[in-house]
Amino acid sequence: MHSFPSLEDTIVAVSTPLGQGGIGIVRLSGKETLSIADQMFVTKNKKRPSEFKSFSVHYGEVVCRGETIDEALLTLMRAPKSYTKEDVVEISSHGGMVAVGAILKAATGLGARLAEPGEFTKRAFLNGRIDLTQAEAVLDIIQSKTEAFLKVSTHQIKGELSAALERIREQLMDVYTEMEALVNFPEEDTGRDTQRGISFQDRLEKIRQEIVQLLAGAEHGRILREGIKIVICGKPNVGKSSLLNVLLRQPRAIVSPIAGTTRDTIEETANIKGIPFQIVDTAGILEPRDLIEEEAVRRSHLSVKGADLVLFMLDASRELDREDERLWDIVRGQNVVIVLNKCDLPQQIDRKSVKRMFPREVVMPLSALTKDGIAQLEERLVERVWHGKTVDTHAVFVSNVRHINALRDCSSAVEEAQAVFRKGLSLEFASEEIKRAVHFLDTITGRNIDNDLLEHIFSRFCIGK
Ligand SMILES: Nc1nc2c(ncn2[C@@H]2O[C@H](COP(=O)(O)OP(=O)(O)O)[C@@H](O)[C@H]2O)c(=O)[nH]1
Ligand SMILES: [Mg+2]
């Protein structure tokens with residue numbers, strides 16, 4: 001595999017969040033783990049970690065140069081049954097950064113090296129305990145914003161995505177070996193060649209369908225990971241910031257009767273029925289009065305262009321006016337839901353004009369003040385996301401952009417191989433394409449991946465994981 005000289009080192013890191021925690025865990029992994037632990041931990045009966053059984057927890061004292069640093073619990077996981085497949089020791093101290101820092105310092109003083117971000121997980125990968133999709137799932141679980149995405153990541157960490165990819169890989173390899181055999185030992189009988197060609201084409205089509213199926217779920221996976229981007233648009237004072245706060249269930253944006261209160265775009269994640277929604281509240285200004293407002297307008301326009309869905313808000317307690325129309329010109333053409341706010345007040349807006357102005361759009365009446373109609377709006381948002389389908393969090397989803405791109409490349413390579421038969425070209429061109437297809441799959445699981453990409457993936461982890 002790859003040569004990582006650092007695999008020889010014994011690494012150490014604080015594996016709990018920094019700050020004033022209830023406990024702090026210092027984790028050690030590598031060849032020297034036990035000899036280092038022996039020099040810094042001792043139980044009341046003078047036992048040292050190398051005498052402990054694997055998966056046992058012991059109460060004792062952390063010592064450094066004859067001085068007691070803290071009381072702690074030490075957990076030992078011997079190689080290869082540990083997170084990294086190396087000897088691993090976790091010391092849980094009473095916490096407080098001083099104690100945790102002192103334990104860390106004691107370990108480095110005895111020869112351990114501070115771990116890089118994600119280095120424990122990287123070792124699990126390099127030592128062959130998990131593949132790359134599983135390592136990336138660890139990261140997803142740490143960063144997961146919603147329960148639904150957490151479930152998807154949990155399936156990935158169990159290797160279910162890897163298994164699906166492995167099934168595709170096996171079929172590709174079967175086709176590849178047969179093709180290579182035919183290329184190297186061609187047969188005289190051309191009639192049988194045609195038969196073979198048809199069989200290859202059928203099998204390639206079946207493989208391609210399986211890849212397409214995985215990619216079809218990718219859109220859902222992406223949504224679960226990143227969320228849907230919703231931009232709230234409308235003229236000043238219609239209640240955009242009020243709606244943002246209601247959807248976030250916290251007073252994030254300042255709400256006031258003074259038009260032009262929101263001078264910047266505000267972006268926050270709302271968790272609606274387990275789906276993350278990135279919601280942007282805009283300033284709603286048409287005629288900027290100064291540089292700040294000019295920038296706010298620019299940002300609003302940018303957000304609208306990048307939105308998955310625009311909530312175009314009207315004030316039902318006022319009549320439609322020129323300002324609404326001009327803003328509508330900016331939003332027109334996007335995926336839009338019309339929100340009719342302030343339905344708790346006497347209605348001034350003419351529903352017929354609304355219908356005329358937005359003949360094709362869905363109109364949702366509500367009140368950001370009394371929260372009437374909010375549940376229906378949320379319902380509608382979730383429905384838009386899944387297009388009426390329910391999301392099955394047990395399914396295998398490809399949610400990672402890196403995986404999606406590699407799968408697309410794999411699928412086009414298979415298509416190229418199919419084209420070889422259509423064009424009546426020589427079989428070796430097809431087998432070449434199959435080899436490429438397999439290569440793309442291998443970049444996903446990490447069976448075949450370059451060092452730079454590996455470094456990049458693991459650098460996104462936090463220290464201690
Ligand atoms: N009666 C009523 N007032 C509302 C409603 N939504 C917002 N408001 C009020 O309208 C004013 C402007 O609201 P705000 O959210 O700041 O509007 P924005 O400028 O579009 O962000 C504030 O005084 C809000 O309290 C609503 O549904 N009903
Ligand atoms: Mg506002």
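Quick caveat: nothing in here was measured; it's all calculated off a predicted structure.

All right, on to the sheet that holds strand 4 (residues 56-64) then. Taken together, seven strands build an open sheet; the order of strands is 3-4-5-6-2-1-7 and the sheet is mixed. Edge positions in the sheet fall to strand 3 (41-43) and strand 7 (113-114), since each has one partner strand and no second. One ladder, built from four bridges, connects strand 1 (residues 11-14) with strand 2 (residues 24-29); its direction is antiparallel. Each residue of the ladder has a partner; that of V14, found in strand 2, is V26. In this fold helix 2 (residues 97-109) packs onto strand 1, strand 2, strand 4, strand 5 (67-77), strand 6 (88-93) and strand 7, with an angle of close to 15° to the strand it touches most, strand 2.

Looking at the protein chain, the domain boundaries give domain 1 (5-129), domain 2 (138-217 + 398-446) and domain 3 (226-386). Between the C-alpha centres of domain 1 and domain 2 the distance comes to 42 Å.

Bringing the nonpolar core into the picture now. Generally speaking, a soluble globular protein has its nonpolar side chains buried in company with each other. Of all hydrophobic cores here, the largest spans 106 residues; its most connected members are A107 and I232. The element contributing the most residues to this core is helix 15 (residues 427-445), with eight residues. The contacts of I232, once residues within four sequence positions are left out, are K240, L243, L244, I279, V280, D281, T282, L311 and M313.

The end-to-end C-alpha distance of helix 10 (residues 291-305), which contains 15 residues, comes to 21 Å, matching closely the 21 Å that a straight helix rising 1.5 Å per residue would cover. Where helix 10 is concerned, the buried positions are A296, S300, S303 and V304. The buried residues of helix 10 all sit within an arc of 95° when viewed along its axis, so they share a single face. Facing away from the buried side of helix 10 by over 90 degrees, the exposed positions are L291, R298 and K305. Contacts made by the buried residues of helix 10 are with strand 8 (228-233), strand 10 (275-281), strand 11 (309-315) and helix 11 (322-331).

Our next topic: the sheet that holds strand 10. Read across the open sheet, the six strands follow the order 9-10-8-11-12-13; overall the sheet is mixed. Looking at strand neighbours, the two that pair on one side only are strand 9 (266-272) and strand 13 (362-365), the edges of this open sheet. Pairwise comparison of adjacent strand axes, ignoring direction, gives a mean angle of 25° for this sheet. In this sheet, strand 10 lies alongside strand 8 in parallel orientation, the contact comprising five bridges. Opposite K229, over in strand 10, you have Q278 as the bridge partner. The sheet contacts of helix 11 involve strand 8, strand 11 and strand 12 (336-341), and relative to strand 11 the element is tilted by about 175°.

Strand direction decides the pairing type here: strand 12 and strand 13, joined by four bridges, are parallel. Residue pairing across strands places I338 opposite V363, the latter belonging to strand 13.

We now examine helix 5 (residues 147-157). Of all the residues in helix 5, the buried ones are A148, F149, V152, S153 and Q156. Projected down its long axis, helix 5 shows its buried positions confined to an angular sector of 135°, all on one face. Buried residues belonging to helix 5 abut helix 4 (132-143), helix 6 (160-184), helix 8 (218-226) and strand 10. With its phi angle positive at about 90°, G159 sits one or two positions after the end of helix 5.

Taken together, 21 residues lie near ligand 1, and G239, K240, S241, S242 and L369 sit nearest. Counting residues per element, the shell around ligand 1 draws most heavily on helix 9 (residues 240-248), at three residues. Partitioning the shell around ligand 1 into residue classes produces seven nonpolar, eleven polar and three charged.

Quick look at unusual backbone geometry now. The amide bond that connects A79 to the next residue, P80, takes the cis arrangement and shows omega of 0°. Topologically, P80 is positioned in the loop between strand 5 and strand 6. One non-glycine residue, F55, lies in the positive phi region at around 60°. Of note, F55 is situated in the loop between strand 3 and strand 4. In this structure, R65 is a non-glycine residue whose phi angle is positive, near 50°. With respect to the helices, strands and loops of the structure, R65 is situated in the loop between strand 4 and strand 5. Look at R65 and you get exposed, because 9 C-beta atoms sit within 10 Å.

With that settled, the discussion passes to the pairing of strand 6. With respect to burial, strand 6 is a largely interior element, five of its six residues being buried. Of the pairings in the sheet, the one linking strand 2 to strand 6 comprises six bridges and is antiparallel in character. Paired with S29 across the strands is V88, a residue of strand 6. The pairing of strand 5 with strand 6 spans six bridges and is antiparallel. Its bridge partner being in strand 6, L73 is matched across the sheet by S92.

Rules and cut-offs
Residues numbered from 1 in each chain as written. Chains lettered and ligands numbered in written order. Predicted model: local features only at pLDDT ≥ 70, side-chain atom pairs only at ≥ 80, totals over all residues. Pairing = 2+ DSSP bridges. Helix = DSSP H or I, 4+ residues; strand = E, 2+ residues; numbered from the N terminus. Contact = placed C-beta atoms within 7 Å. Axes fitted to C-alpha atoms, helices over the stretch in contact; angles between N-to-C directions. Domains from an automatic or database assignment. Core = buried A, V, L, I, M, F, W, Y, C linked by C-beta atoms within 7 Å. Buried ≥ 20, exposed ≤ 12 C-beta atoms within 10 Å, placed from the backbone. Expected span 1.5 Å × (residues − 1). Arc of directions from axis to C-beta. Near = placed C-beta within 6 Å. Nonpolar A, V, L, I, M, F, W, Y, C, P; charged D, E, K, R; others polar.

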